[in-house]
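What follows is the residue order along each chain.
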2 protein chains.
Amino acid sequence: MARIVQKFGGTSVADIERIRNVALRVKKEVDAGNEVAVIVSAMAGVTNQLVGYAREMSVLHDAREYDTIVSTGEQVTSGLLAMALQNLGINARSWLAWQLPFRTDGVHSKARIEGIETGEIVQRFEQGQVAVLAGFQGLGPDNRITTLGRGGSDTSAVALAAALNADRCDIYTDVDGVYTTNPKIVPSARKIDRITYEEMLELASQGAKVLETRSVALAMQHNVRLQVLSSFVEAPGTLVCDEDEIVEQKIVSGIAYSPEEAKVTVRHVPDRPGVAASIFGSLADAAVNVDMIVQNVTEDGNTTDMTFTIGKTDLERAQQVLEKLRDELGFKEVNADPNVAKVSVVGVGMRSQPGVAKTMFRTLSDKGINIQVISTSEIKVSVLIAAEYTELAVRALHTAYGLDGPPAG
Amino acid sequence: MARIVQKFGGTSVADIERIRNVALRVKKEVDAGNEVAVIVSAMAGVTNQLVGYAREMSVLHDAREYDTIVSTGEQVTSGLLAMALQNLGINARSWLAWQLPFRTDGVHSKARIEGIETGEIVQRFEQGQVAVLAGFQGLGPDNRITTLGRGGSDTSAVALAAALNADRCDIYTDVDGVYTTNPKIVPSARKIDRITYEEMLELASQGAKVLETRSVALAMQHNVRLQVLSSFVEAPGTLVCDEDEIVEQKIVSGIAYSPEEAKVTVRHVPDRPGVAASIFGSLADAAVNVDMIVQNVTEDGNTTDMTFTIGKTDLERAQQVLEKLRDELGFKEVNADPNVAKVSVVGVGMRSQPGVAKTMFRTLSDKGINIQVISTSEIKVSVLIAAEYTELAVRALHTAYGLDGPPAG
């Protein structure tokens, strides 16, 4: 007997028929003698509709009311799935966050989970009852409904799995696992059987959309074994787990890319202490998230060029912030380039294996792709290139690191 | 300063624009210095959609899950109206039943209100805060959401008004008040300014669809002054109140009619004690609600004919019940006629004024309308007639009792 948390996303519960299908998935775990708790998202499209109502009513709306409104989508699904399970003869009931309670802090619409009281659920496990929980929602210290932000149901599931000390947290979605890269641009991309939390985290934050970064970080922190699999295909998915559980570790596990980047260069910044702190402090104050940073000395030797990347959507705001700093700091000009992409190779194996970066640079060079910025971490090498080369670069790197499988059919 | 409960039905909050309009209605009461609590229904169509989901999932569904699902409609509206009020600079917040709590018994989907903890709302009245409550819902003893049955938001509003000892409970709807009869069939029908609880109760249970019978009964019990008015027209509505508040009481206040009746005659029933108890007891056991009852002695003197009316939708079930009784009781046959209508004249004035029934019978007779069954109460005379005469009868009676106003235009 195992204790399993299953999470089903919006497309998996998009209509009554699909919710019935989800019930069959849950039944399999029940029939196998497992204790099962299920986290559900809103039916596909519902959250967008509710968010649309709130935005139409008021651009600057009260986040507490927003949470009251948008949390209803998951509430509906939880009741419907409990019904569907009962139809199959399974003892099941829905739970809303306030009923457990599933406690969060008071930051409405972006709440953080503080603790989950699982006593009653566990007691009912012993009576064979399946718990169906509305995901994405919590109970704030103000006794009002909070929400965890978009994609929060993954986080709900991982937090519940941690609180229940579950053997596994299965995230059912519309893809059948985590791939070595996006199969849409590399047909020979392969599904990864096992991947470490660290790698998944890098892949997730580098643009792989399968799992929310936050839920992976939470899983790593609490050592929750996370499986990503498809609601629609009967096949094992990708297990995100501790390095110990992975016998044969590849040097590079996957190639990620993100077209959401913009490059900013501040030219001829006077080379004196505190300048970088001033620039990046001001950007942080304006909630502009800076990713890669490179600093070069210019020809005259007294000034530097500062290059960094930010999210495309923050570009205008960043330019405004920098213009205000120009006189104070005395730099020459700001150049912005939104037509860039970040491509990353990720793998825990590269810790013990030199030469990974070299392979990357040579591969790109062979294809005539110019590298604009480089940044590395222990398990990742990222480069910034012109956006138009993205697919070419990803395909070439996928081949170079031996990740190609047979083309998908 | 007064304390007002306002209730807005589904058509009044059908979309964002209408919810904004509702906020303006609320603002008027706030600007007048009143303490205001608002009960909202789900946006028109939403409850039907949610009920549709539940039914599609399972015909015999768990009422607790049903309540979890269908209560979300009002939850969404409560958040949206709180936002709309905040847009107008009004201090407002939404309340869900579990947050007060608004307690009911545990009969899911048809719960009865047991008590409302209004302490926090009243405290916030003092800070000028408007309370926006999701109607139709409650918190059951099982710590789960209950619902009050269709039309339950009217009941929520009256119960809240009683608990708050409010000066008035305004029910905003898509008509501008209670009419002397249905203006669709009598263009000269007039809006009634004031009507007693007893009359409203008779009119409501006799087919006038403006208010739920249950909410009127609750208002009468707790002496809540109830006003029915339009969300869309700026005009006073109809006040449902105690007899003392009505200076000039008409003999007949209104004419109601119901086409939902069927007539059943059980012929040649042996005339011995216990037969009526057996027939009506069996019907009650089968949940068939019997309305008018008439018993005649037949020509032979040893048997009676028993005639009664029931809801059309119960007719088939009633016939099955009666067939089973035939041998036991030894009656001859059962005749059923679904083509009947009940027409009622209602007015507290008839208590002190004889001749009301006579006027009714003569008016119908003059039009050549045959009366099949008669039933009376202290403030009502009802007759059963052939359905095809309904409009003719209602128009003639409306004129006969002096209720005609200038034709609507």
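Predicted model only: the values in this text are computed from it and were never measured.

S.K.: Would you mind going over the overall build of chain A with me for this structure?
M.R.: Broken down by element type, chain A carries 12 helices and 20 strands. A compact globule built from 409 residues would reach a C-alpha radius of gyration of about 22 Å, and chain A, at 24 Å, matches this within 12%. Structurally, chain A occupies a C-alpha span of about 80 × 50 × 35 Å along its principal axes. Taking all 409 residues of chain A together, 55% fall into the buried category. Sequence separation of at least 24 residues holds for 75% of the intrachain contacts in chain A that already meet a minimum separation of 6. A total accessible area of about 17200 Å² is found for chain A, and carbon and sulfur atoms account for 47% of it. Taken as two groups, the 40 positive and 52 negative side-chain charges of chain A have centres that lie 3 Å from each other.

S.K.: When you look at the side chain of Ser 253 of chain A in this model, what are you seeing that I'm missing?
M.R.: Residue and element names in this part refer to chain A. With respect to the secondary-structure elements, Ser 253 resides in the loop between β12 (238–241) and β13 (254–258). On the basis of relative accessibility, which here comes to 8%, the residue Ser 253 falls in the buried class. Within the structure, the side chain of Ser 253 is placed 2.5 Å from the side chain of Glu 199, a separation counted as a polar contact. Contacts of Ser 253, omitting those with residues within four sequence positions, involve Thr 180, Ile 192, Glu 199, Val 346, Gly 347 and Leu 403.

S.K.: Is there a simple way to explain the relation of the copies chain A and chain B in this structure?
M.R.: Each of the two chain copies goes to the other by way of a rotation about an axis and a shift along it. Of the two same-sequence chains, chain A is brought onto chain B (RMSD 0.3 Å, axial shift 0.1 Å) by a rotation of 179°. Here the symmetry operator amounts to a two-fold rotation axis. Every residue of chain A has its C-alpha some distance from the rotation axis, and the shortest such distance is that of Thr 72 of chain A, at 2.9 Å. Most of the interface of chain A is mirrored in chain B: 100% of its interface residues are interface residues there too.

S.K.: Teacher, can you tell me more about helix α4 (residues 72–87) of chain A here?
M.R.: Residues and elements named next belong to chain A. In a regular helix each residue adds 1.5 Å, so 16 residues correspond to 22 Å; α4 covers 23 Å between its end C-alpha atoms and thus fits that length. Of all 16 residues in α4, 14 are buried, a share of seventy percent or more. After α4 finishes, the residue Gly 89 shows a positive phi value of roughly 80°.

S.K.: Sorry, what's going on with the UniProt feature "domain: ACT" (unreviewed entry) in chain A here?
M.R.: The residues that UniProt annotates with the feature "domain: ACT" (unreviewed entry) are residues 264–339 and 345–409 of chain A. This span, residues 264–339 of chain A, is 34% helix and 38% strand, and a straight line between its end C-alpha atoms measures 11 Å.

S.K.: Help me understand the interface of chain A and chain B in this model?
M.R.: It is common to report an interface's size as the accessible area lost on association of the parts. With 38 residues of chain A at the interface, the matching set in chain B holds 38 residues. Summing both partners gives a buried area of about 3300 Å² for chain A against chain B, and 64% of it is carried by carbon and sulfur. A per-residue breakdown of the area chain A buries against chain B is headed by Met 57, Met 83 and Trp 98 of chain A, which together make up 23% of the total. Seen at the junction of chain A and chain B, the total is zero salt bridges. Run the count over chain A and chain B and you get 20 residue pairs in polar contact (both at pLDDT 80 or more). Elements that contribute at least two residues to the side of chain A that touches chain B include exactly α1 (16–31), α2 (46–57), α3 (63–70), α4 and β3 (92–95) of chain A.

S.K.: Is there a simple way to explain the sheet that holds strand β11 (residues 226–230) of chain A in this structure?
M.R.: Remark on secondary structure: sheet strands pair via backbone hydrogen bonds, oriented parallel or antiparallel. All names here are of chain A. Spatially, β3-β6-β2-β1-β9-β11-β12-β10 is the arrangement adopted by the eight strands of the open sheet, whose pairing is mixed. Where the open sheet ends on each side, the last strands, each with one partner, are β3 and β10 (194–196). Taking the axes of each pair of neighbouring strands and ignoring which way they run, one obtains an average angle of 20° across the sheet. The pairing of β11 with β12 spans three bridges and is classified as antiparallel. If you follow Gln 227 over to β12, its bridge partner there is Leu 239. Where α1 meets the sheet, its contacts fall on β1 (3–8), β2 (35–40), β6 (130–134), β9 (168–173) and β11, and the angle it forms with β1 comes to roughly 170°.

S.K.: So what exactly am I meant to see when it comes to the pairing of β6 of chain A here?
M.R.: Side-chain positions along a regular strand alternate between the two faces of the sheet. Residues and elements named next belong to chain A. Here β6 lies mainly inside the structure; five of its five residues are buried. By the alternation rule, side chains of β6 split into Val 130, Val 132 and Ala 134 and Ala 131 and Leu 133, which are all buried. As paired elements, β3 and β6 share four bridges and run parallel to each other. In the strand pairing of β6, Ala 92 is matched with Val 130.

What counts, and at which threshold
- Residues numbered from 1 in each chain as written.
- Chains lettered and ligands numbered in written order.
- Predicted model: local features only at pLDDT ≥ 70, side-chain atom pairs only at ≥ 80, totals over all residues.
- Heavy atoms only, no water.
- Helix = DSSP H or I, 4+ residues; strand = E, 2+ residues; numbered from the N terminus.
- Rg over C-alpha atoms; globule rule 2.2 N^0.38 Å.
- Buried < 20%, exposed > 50% of the residue type's maximum accessible area, 1.4 Å probe, protein only.
- Contact = heavy atoms within 4.5 Å.
- Areas by Shrake-Rupley, 256 points an atom, 1.4 Å probe, with all protein chains shown as cover.
- Lys, Arg positive; Asp, Glu negative; His and termini not counted.
- Charge placed at Lys NZ, Arg CZ, Asp CG, Glu CD.
- Polar contact = N/O pair within 3.5 Å; in protein donor to acceptor, adjacent residues only side chain to side chain.
- Least-squares fit on C-alpha atoms with pLDDT ≥ 70 in both.
- Expected span 1.5 Å × (residues − 1).
- UniProt positions renumbered as here; feature names shortened; annotations may be inferred.
- Buried area = accessible area lost by both parts, 1.4 Å probe.
- Salt bridge = Lys/Arg side-chain N within 4 Å of Asp/Glu carboxyl O.
- Pairing = 2+ DSSP bridges.
- Axes fitted to C-alpha atoms, helices over the stretch in contact; angles between N-to-C directions.

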